[in-house]
Amino acid sequence: MTILGLSCWYHDSAAALVRDGEIVAAAQEERFTRRKHDPEFPEHAIAFCLDRAGVTAADLDAVAFYDKPLMTFERILETSLTLAPRGWPVFLRAMPQWLKRKLWTADHIKRQLGTDDQPFEAPVLFSEHHESHAASAFFPSPFAQAAFLTIDGVGEWATTTWGVGQGNELAIRAEQHFPHSLGLLYSAFTTFCGFRANSGEYKLMGLAPYGEPRFVDTILDHLIDLKPDGSFRLDQQYFSYTSGMRMTNRRFAELFGGPHRSLEGELTQREMDLARSIQVVTEEIVLRMARHVHAETGERNLCLAGGVALNCVANGRLLREGPFDEIWIQPAAGDAGGALGAAFIASHQWGGVPRTVHPTDAIHGAYLGPQIEEADIVHALAGEGIEVQPCADDLELVTQVASLLSEGQTVGWFQGRAEFGPRALGHRSILADPRDPDAQRRVNLQIKFRESFRPFAPAVLAEHAETLFDLGGLELGTGDWEKTVSDAASSRSESLRSPTPNPQSPYMLLVGPVRNAETGGVGLAKREQVRSAVPAVTHVDGSARVQTVTKERNGLFYELLSVFHAQTGCPALVNTSFNVRGEPIVNSAADAVRVFLRTHMDALAIGRFIVRKADVPDADSRVFSAQEIADTYGLD
């Protein structure tokens, strides 16, 4: 049975193909169109999935869509009528899209997949938004049975759900409804602090450790009525997302000391403190929800999905302090992953395909996207006048790249199939030596062209992860982590569970302390006070967002880390996504070569080829000038 899953028309549209319950392919539309968070119908991603599976649309048994548009339309209409006349601007702005296509989703899908000569006849199935999230987390997880928790902005009506998955079945047991949403609360602070909703939440999370939690009481006293089970109600007099064009309003600004920060405006201590405060509140809500789910279900394992599941700081606390033995987080936890969840629901529940539980997981390292052929690489290099000889084998490739990294060079690493989801996991990555204290600043400003406060993540050999990072234990070193755990222990009536033995973080979705890290300072000055064995991946609170790497899951990337470890004694590398600010992760060989040439990256390892800047004719003239960086990316 071959099922195509789709998500689109909100943000991060995607397609996924599942055959007999196993994932064949999945990709986001943005990778092909080069439009970040592209919401449009995923025609390019569909074409890739069909081609990868070796099928045509006529071979599909069904298409599964990730939400129920008519229920979403009902929510928009009911909210607009309830808030009339204040709600009419939102309604009128939404109507063209609904009348043009969203109300006719099934017809649109059939037109796109069919032709005049061969209409598309297979059924188009619809699952609820949070049901798709839950399926995307449970069905590929390594658990035969588990609780699930899904948290995002909003689906049709639900903003949070929890329940239990077992075998082929999912059962949602409770949900919270719009407008009371943790995802929207976090996005409200994201926009107030001068970042964009649905893309700037990562920035807010990265900014949080620079601040102090001085607004926590204000948030809890005025914005949110939080219950012991994690459910809550938001005081809508401070928000505008139900009736206006902004997330927050004048009352919100007055509560927090003045107008919102403009996009790209100067960051002040207020924004840092706001970021820290909403992060603390978010973590508390997630922990309360998880404890309630555990108490109600009695399950030992938990699966997470929805956009809030990408908050890896909250995930790290949940692993260390929460009641579950193990947690598994969908690497494409946002709307893109909904395409995969819808395909799983159609396969297992509509089609009756038995579920196979894989001992690690069924998502194959998230390497589900396109793989570029060597002919494409040769063509892309030749088009830029670059002539280099390929490495003889994988050992030569990883040995040379490891040597470049140990010499302090930054390397673009383009290998194998692309990752599905927002993280680069060692196939579309920019790599550097984590021991280099200047690497974080250099890669941020000269290669990524992004804000200098944003941290980088380490990829580390799984068998050596505990020598550098504490993912599952409770002896968390120095600084705020000790207070966090102390506060958590004193606030709970039951004892904390035992630390997870050798915890894994294969999808870079858990934050944990860096061992023996030293931190200090105030505000942005904290960047100058970080001390650890791996300063380039140590955030200002002594933490790191870790990716654990194994031979079975990561293949060639594991071999590179192993050789680098043998050469230097360090089992980790800086691993950040292969893109520049404002663009999706590179998808084609031409994308990779273009980013390499336009930035201060030192070398590019693409397939069997290693390109150094010295190999490039007129290399200096091709790099972005300071003015081009400022004009293109809005940086000083």
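Residues numbered from 1 in each chain as written. Predicted model: local features only at pLDDT ≥ 70, side-chain atom pairs only at ≥ 80, totals over all residues. Heavy atoms only, no water.

Chemist: In this structure, what is going on with the pattern of salt bridges? I would like to understand it.
Modeler: Oppositely charged side chains are able to pair whenever their charged atoms sit close together. Applying the stated criterion across every chain, the model contains 27 salt bridges. For Arg441, the salt bridge identified is with Asp438, shortest N-O distance 2.8 Å. According to the relative accessible area criterion, Arg441 is partly exposed, its value standing at 37%. Within the structure, one salt-bridge network assembled from shared partners comprises Arg34, Glu583, Asp591 and Arg594. (Salt bridge = Lys/Arg side-chain N within 4 Å of Asp/Glu carboxyl O. Buried < 20%, exposed > 50% of the residue type's maximum accessible area, 1.4 Å probe, protein only.)

Chemist: Got a minute to help me understand the packing of aromatic side chains in this structure?
Modeler: The description of an aromatic ring pair uses the distance of the two centres, along with the angle that the planes make with each other. This structure, assessed with the given rule, holds 19 aromatic pairs. Ring geometry for Phe138 and Phe139: centres 5.5 Å apart, planes at 55 degrees, overall tilted. Residue classification places Phe138 among the buried residues on the basis of a relative accessible area of 0%. Owing to a relative accessible area of 2%, Phe139 belongs among the buried residues under this scheme. (Phe/Tyr/Trp six-rings, centres within 6.5 Å; stacked < 30°, edge-to-face > 60°.)

Chemist: Sorry, what's going on with the sheet that holds strand β3 (residues 22-28) here?
Modeler: Taken together, 5 strands build an open sheet; the order of strands is β3-β2-β1-β4-β5 and the sheet is mixed. Every other strand in the sheet has two partners, leaving β3 and β5 (124-126) as the edge strands with one partner each. When strand polarity is set aside, the average angle formed by the axes of neighbouring strands in this sheet is 20 degrees. Across the sheet, helix α5 (residues 105-113) touches β1 (2-7), β4 (62-65) and β5, and the angle it forms with β5 is around 140 degrees. (Pairing = 2+ DSSP bridges. Helix = DSSP H or I, 4+ residues; strand = E, 2+ residues; numbered from the N terminus. Axes fitted to C-alpha atoms, helices over the stretch in contact; angles between N-to-C directions. Contact = heavy atoms within 4.5 Å.)

Chemist: Help me out: how do you make sense of a nonpolar patch on the surface in this one?
Modeler: Taken together, the side chains of Leu81, Trp88 and Leu92 make up a nonpolar region of the molecular surface, amounting to roughly 300 Å² of accessible area. With respect to the helices and strands, the residue Leu92 is situated in helix α4 (residues 88-100). On the basis of relative accessible area, Leu92 is assigned to the exposed category, the value being 56%. (Patch = residues over 30% accessible without salt bridge, like charges linked within 9 Å, V, L, I, M, F, W, Y side chains within 5 Å. Areas by Shrake-Rupley, 256 points an atom, 1.4 Å probe, with all protein chains shown as cover.)

Chemist: Would you explain the sheet that holds strand β11 (residues 301-305) in this entry?
Modeler: The strands making up a sheet associate through backbone hydrogen bonding, with each pair oriented either parallel or antiparallel. Strand order in this open sheet of 5 strands is β8-β7-β6-β11-β12, and the pairing throughout is mixed. Two strands close off the open sheet at either side, each with one partner strand: β8 (169-177) and β12 (326-329). This sheet shows a mean twist of 20 degrees between the axes of neighbouring strands, independent of strand direction. Examined bridge by bridge, strand β6 (residues 145-151) and β11 share 4 bridges and lie parallel to one another. From the neighbouring strand, Ala147 faces β11, where its bridge partner is Leu302.

Chemist: Just checking my understanding: could you explain a negative patch on the surface for this structure?
Modeler: Where like charges cluster on the molecular surface, the negative patch consists of Asp393, Asp394, Glu396 and Glu559. By secondary structure assignment, the location of Glu396 is in helix α15 (residues 394-406). (Lys, Arg positive; Asp, Glu negative; His and termini not counted. Charge placed at Lys NZ, Arg CZ, Asp CG, Glu CD.)

Chemist: How do you make sense of the side chain of Gln415 when you look at a structure like this?
Modeler: Looking at the secondary structure, you find Gln415 in the loop between β14 (411-414) and β15 (417-419). When its relative accessible area of 8% is taken as the criterion, Gln415 is described as buried. At a separation of 3.2 Å, a polar atom in the side chain of Gln415 contacts the main-chain carbonyl oxygen of Ala605. Once you skip the residues sitting within four places of it in the chain, Gln415 turns out to touch Leu397, His427, Arg428, Leu556, Ala605, Ile606 and Gly607. (Polar contact = N/O pair within 3.5 Å; in protein donor to acceptor, adjacent residues only side chain to side chain.)

Chemist: Looking at this structure, how should I read the environment of Asp436?
Modeler: With respect to the secondary-structure elements, Asp436 resides in the loop between β16 (428-432) and α16 (439-448). For the pair Asp436 and Ala536, spaced 100 residues apart in sequence, the C-alpha to C-alpha distance is 6.0 Å. Here Asp436 is in contact with Arg442, Pro535 and Ala536, once residues within four sequence places are set aside. In terms of polar contacts, Asp436 uses its side chain to reach the backbone amide nitrogen of Asp438, at 2.9 Å.

Chemist: Sorry if this is basic, but what is going on with the side chain of Ser429 here?
Modeler: Tracing the chain through its elements places Ser429 in strand β16. Ser429 sits in the buried class, given a relative accessible area of 0%. For Ser429, the side chain forms a polar contact with the main-chain nitrogen of Gly426, separated by 3.1 Å. Sequence-distant contacts of Ser429, defined by excluding residues within four places in its chain, comprise Val411, Gly412, Trp413, Ala424, Asn575, Thr576 and Phe578.

Chemist: Teacher, can you tell me more about the packing of α15 against helix α20 (residues 556-568) here?
Modeler: When two helices pack together, you describe them by how their axes are tilted relative to each other and by the distance separating the axes. Contact geometry for α15 and α20: axes closest at 9 Å, N-to-C directions at 50 degrees. Taken together, the axes of α15 and α20 are oblique relative to one another. The element α15 and its partner α20 pack so that their crossing is right-handed. Of the residues in α20, those in contact with Asp394, Leu397, Val398, Thr399, Val401, Ala402, Ser403, Leu405 and Ser406 of α15 are Leu556, Glu559, Leu560, Val563, Phe564, Gln567 and Thr568. Grouping the amino acids of the contact of α15 with α20 by side-chain chemistry returns 9 nonpolar, 5 polar and 2 charged. (Parallel < 35°, antiparallel > 145°, perpendicular 65-115°, else oblique. Left-handed = near helix turned anticlockwise from the far one by under 90°. Nonpolar A, V, L, I, M, F, W, Y, C, P; charged D, E, K, R; others polar.)

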